[in-house]
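Residue strings, one per chain:
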Amino acid sequence: MDHTSAQAERVDMVIVGAGFGGMYATWKFREMGLSIVSIEEGKDVGGVWYWNRYPGARCDLLSVDYSYGFSEEVQQEWTWSEQFAAQPEILAYANFVADRLDLRKHYRFETRVESAKWDDKRQLWRVRTSDGKLLEATYCVMSTGPLSKPTDPDIPGLSRFKGLTLRAARWPHEEPDLKGKRIGVLGTGSSGMQIIQTLGRTECELFVFQRTPSFTLPMRNRKVSDRDVAELKANYASIRAACKMNPTGGARPVSTRPFFSIPADHRQELMEQAWQHGGHTFLGIFSDLMVNQAANDQVADFVRDRIHDTVNDKALAEKLKPRGYPIFARRPCLDTGYYETYNRENVHLVDCLEDPIVEITENGIRTQSGEHELDVLILATGYDALTGALLAFEITGKDGVALKDKWEGGPRSLFGIMMAGFPNLFMTTGPNGPAALANIFTISENDVDFIAGVIAQMQAQGQGAVEPSLAAEDAWMAQIQTLASRSLMLKAKTWWTGSNVKGKPQGMSMFTGGFHKYREACESVSANGYRDLVFEPAPALETAAR
Ligand code: NAP
């Protein structure tokens, strides 16, 4: 059904997503006085944490980082119980924020955006949703998240399997009964590892189908003591300020010392200490791990030695050791007893490099050596990341140009926030910012604040449309490419570079220069009087109508 403009609902802004980016955008733009409709496919808030409720789901960023800094009420009233929070606690936090800031009233849940089309004459976006409605909005903010479109593996026969198929990224809300079952887990990234280390300790027979072994570091999670909480709450302001200056956008300190500038025995000591301390500390002890292959090799050897020490069966330990790509060139995982899980008799590794998967059958998975019969198949096979959710519906900009055409060779934008040819359309944690490489909360707050600054500028000057100049966008993309060419990250096949999805443009689209440099680049735009952006005055009629 087509709609005329008379049937359309006119608002200032449509926001897509009820993850942490979308929720902050909803609060911020409401506080600016804009009329808002926020759209979310899930039944409630939480984004990725609403969907990912698989056994063992837990964030591997420190809770202090994985939380908002913009609201003093929220950070003082909420108390994290663990250093690394589990999914139920993170989802409870999302619900707490939605209630505390009264965000739900702006949301239309269980609703998808089907298309968004720019009307250049009227300077607005026409947004069609799955409930058959048409919204007309001056601004659109896409907070669709870097990891929200899960992918199934390209293995023949997936639909033939007669047992129970479960997806990590779409775990059922009613807990399935897995007790005593033969369970196959496909995928050994962050999701797969958490599932394996959790289910492996339960009463079941677990078959892990591993293609590429991942590097993982011990999380060493612990409860947050009352004293820690009091200290944290007294110091939030300085912690948040420090996060903004940090390449990770988080509280974890990052060294400025290159690996080989430190004597060998001291390097070893630092690695031992970081291993014992746990978390991502290891990532921060040397400054050049992602640009110096020789340094990276030595750190990778240290971690491989820990696998050797932990796994009793030394032949099995060899199969679990990641090789052939630099450590940290794929997203590092944090685990709790992952390798120890393989010392249990009910946990079996199927090395799919040695014994490749041929097909999925009615009864399980057939590898070259034979069929592995299963009652349950768990897919932890990752995401069409960074761009997948944005390309899942039609976005059409100026002159009828589709986003999929603009991004044919890979995503292009200014900061992953704005795109030439797509006026008044904004993204948070978009594909050309630090996205997956820094703290998603710090990036989301930065991006939403940047957008708010642009809109305030438009309002002050009576502008109706804004987009970045092509020159500014090109310069930003060139910077991304230059930085990426120096990084070891390109040496691994990973969702960071799009190589996990067939036919997807390959390459590093994210800004690898660190959150602090990204923030400085964003801030320079307003400091330069928004010279990098192109504004169009508002049409007289639309201005008068509002
Ligand atoms: P992922 O890291 O992309 O891992 C996908 C896994 O599926 C890989 O092991 C991959 O093997 C395997 N796979 C895909 N297709 C396959 C096939 N046809 N045959 C065999 N194996 C196949 O996905 P993820 O584990 O969901 O993690 C994605 C990201 O989400 C993480 O990097 C992280 O940023 C985030 N995450 C974070 C947490 C946390 O905070 N703790 C937890 C979960 C996820 P190959 O590598 O060989 O392709």
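For clarity, every value in this text was computed on a predicted model and none was experimentally measured. (Residues numbered from 1 in each chain as written. Predicted model: local features only at pLDDT ≥ 70, side-chain atom pairs only at ≥ 80, totals over all residues. Heavy atoms only, no water.)

## Quick notes on the overall build of the protein
Line of reasoning, step 1. A count of helical and extended segments in the protein gives 16 helices and 21 strands.
Line of reasoning, step 2. In terms of overall dimensions, the protein is globule-like: its C-alpha atoms have a radius of gyration of 24 Å, near the 24 Å expected for 546 residues.
Line of reasoning, step 3. Each of the three principal axes of the protein carries a C-alpha extent, and together these read 75 × 55 × 45 Å.
Line of reasoning, step 4. Classification of the 546 residues of the protein by burial places 57% in the buried group.
Line of reasoning, step 5. Of all intrachain contacts in the protein linking residues separated by at least 6 positions in sequence, the fraction that spans at least 24 positions is 72%.
Line of reasoning, step 6. Surface accessibility of the protein: about 22,800 Å² in total, with carbon and sulfur atoms responsible for 50%.
Line of reasoning, step 7. In the protein, the 60 positive side-chain charges and the 69 negative ones have mean positions that sit 1 Å from each other. (Helix = DSSP H or I, 4+ residues; strand = E, 2+ residues; numbered from the N terminus. Rg over C-alpha atoms; globule rule 2.2 N^0.38 Å. Buried < 20%, exposed > 50% of the residue type's maximum accessible area, 1.4 Å probe, protein only. Contact = heavy atoms within 4.5 Å. Areas by Shrake-Rupley, 256 points an atom, 1.4 Å probe, with all protein chains shown as cover. Lys, Arg positive; Asp, Glu negative; His and termini not counted. Charge placed at Lys NZ, Arg CZ, Asp CG, Glu CD.)

## Focus: the domain arrangement of the protein
Much of the literature gives interface size as the accessible area that the parts lose upon coming together.
Line of reasoning, step 1. As assigned here, the protein comprises domain 1 (8-147 + 384-545) and domain 2 (158-379).
Line of reasoning, step 2. Domain 1 and domain 2 are separated by 28 Å when their C-alpha centres are compared.
Line of reasoning, step 3. Listed per partner, the contact involves 44 residues of domain 1 and 53 residues of domain 2.
Line of reasoning, step 4. The interface formed by domain 1 and domain 2 contains 1 salt bridge.
Line of reasoning, step 5. Close ionic contact of Arg331 with Asp60 constitutes a salt bridge, the shortest N to O distance being 2.9 Å.
Line of reasoning, step 6. If you look at where domain 1 meets domain 2, you find 27 residue pairs in polar contact (both at pLDDT 80 or more).
Line of reasoning, step 7. Those elements giving two or more residues to the side of domain 1 that touches domain 2 turn out to be α2 (48-51), α3 (72-77) and α15 (515-527).
Line of reasoning, step 8. Tallied by class, the residues present in the side of domain 1 that touches domain 2 amount to 19 nonpolar, 15 polar and 10 charged. (Domains from an automatic or database assignment. Salt bridge = Lys/Arg side-chain N within 4 Å of Asp/Glu carboxyl O. Polar contact = N/O pair within 3.5 Å; in protein donor to acceptor, adjacent residues only side chain to side chain. Nonpolar A, V, L, I, M, F, W, Y, C, P; charged D, E, K, R; others polar.)

## Some points on the state of the cysteines
Two cysteines, two sulfur atoms, one covalent bond between them: this is a disulfide.
Line of reasoning, step 1. For the coordinates displayed, the defined rule picks out 0 disulfides.
Line of reasoning, step 2. Sulfur of Cys333: no disulfide; nearest cysteine sulfur belongs to Cys59 and is 13 Å away.
Line of reasoning, step 3. Cysteine Cys352 is unpaired, with the sulfur of Cys333 as its nearest cysteine sulfur at 17 Å.
Line of reasoning, step 4. Residue Cys352 is classed as buried on the basis of its relative accessible area, which comes to 8%. (Disulfide = S-S within 2.5 Å.)

## A short note on the sheet that holds strand β12 (residues 347-351)
Line of reasoning, step 1. Spatially, the 5 strands line up as an open sheet ordered β7-β16-β8-β9-β12, and their pairing is parallel. Edge positions in the sheet fall to β7 (164-167) and β12, since each of these pairs with one other strand and no more. Between one strand and the next, the sheet's axes are offset by a mean angle of 20 degrees, whatever the strand orientation.
Line of reasoning, step 2. Here strand β9 (residues 205-210) runs beside β12; their pairing, made up of 5 bridges, is parallel. Within β12, the residue paired with Phe209 across the bridge is Val350.
Line of reasoning, step 3. Strand contacts of helix α5 (residues 190-199): β8 (182-186), β9 and β16 (376-379), with the helix running at about 160 degrees to β8, the strand carrying the most contacts. (Pairing = 2+ DSSP bridges. Axes fitted to C-alpha atoms, helices over the stretch in contact; angles between N-to-C directions.)

## Quick look at the confidence of the model for the protein
Line of reasoning, step 1. Here the protein averages 96 in pLDDT, and 98% of its residues register 70 or above.
Line of reasoning, step 2. This model gives residues 542-546 a pLDDT under 50, and the stretch forms 7 contacts once residues within four places in sequence are excluded. (pLDDT = per-residue confidence, 0-100.)

## Regarding α5
Line of reasoning, step 1. α5 sits mainly inside the fold: 8 of its 10 residues count as buried.
Line of reasoning, step 2. Where α5 is buried, its residues contact β8, β9, β10 (216-218), β11 (333-335), α11 (338-341) and β16.

## Focus: the side chain of Thr361
Line of reasoning, step 1. Mapped onto the secondary structure, Thr361 falls in the loop between β13 (357-360) and β14 (364-367).
Line of reasoning, step 2. Residue classification places Thr361 among the buried residues on the basis of a relative accessible area of 6%.

## Looking at the pattern of salt bridges
Oppositely charged side chains are able to pair whenever their charged atoms sit close together.
Line of reasoning, step 1. Considering all chains together, one arrives at 35 salt bridges under this definition.
Line of reasoning, step 2. Ionic pairing is found between Arg306 and Asp309, a salt bridge with its closest N-O pair at 3.2 Å. Placement of both Arg306 and Asp309 in helix α9 (residues 293-310) is noted, with a separation of 3 residues, approximately one turn of the helix.
Line of reasoning, step 3. Between Glu354 and Lys319 there is a salt bridge, with its nearest N and O atoms 3.5 Å apart. You can see Glu354 sitting in the loop between β12 and β13 and its partner Lys319 sitting in helix α10 (residues 314-320), a full 35 residues away along the chain.
Line of reasoning, step 4. Using a relative accessible area of 32% as the deciding quantity, one classes Lys319 as partly exposed.
Line of reasoning, step 5. Each of the salt bridges in this network shares a partner with another, and the network as a whole consists of Asp119, Arg122, Arg126 and Glu136.

## Digging into the side chain of Ser255
Line of reasoning, step 1. If you trace the backbone, Ser255 turns up in the loop between α7 (236-245) and α8 (264-277).
Line of reasoning, step 2. Separated by 2.8 Å, the side chain of Ser255 and the backbone nitrogen of Arg257 make a polar contact.
Line of reasoning, step 3. At 3.4 Å, the side chain of Ser255 and the backbone oxygen of Ile285 are in polar contact.
Line of reasoning, step 4. Ignoring sequence-local partners within four residues, the contact set of Ser255 consists of Gly284, Ile285, Phe286 and Ser287.

## Regarding the site of the ligand
Line of reasoning, step 1. Neighbouring residues of the ligand: 24 residues in total, closest Arg58, Ser191, Arg211, Thr212 and Arg330.
Line of reasoning, step 2. In the environment of the ligand, a nitrogen atom lies 2.8 Å from a nitrogen or oxygen atom belonging to the backbone of Arg58.
Line of reasoning, step 3. In the complex, 87% of the free accessible area of the ligand, which totals 910 Å², lies under the protein chains.
Line of reasoning, step 4. The element contributing the most residues to the shell around the ligand is α5, with 3 residues.
Line of reasoning, step 5. For the shell around the ligand, a count of residues per class yields 9 nonpolar, 9 polar and 6 charged.
Line of reasoning, step 6. Here the shell around the ligand spans two domains, since at least three of its residues come from each of domain 1 (8-147 + 384-545) and domain 2 (158-379). (Near = heavy atom within 4 Å.)

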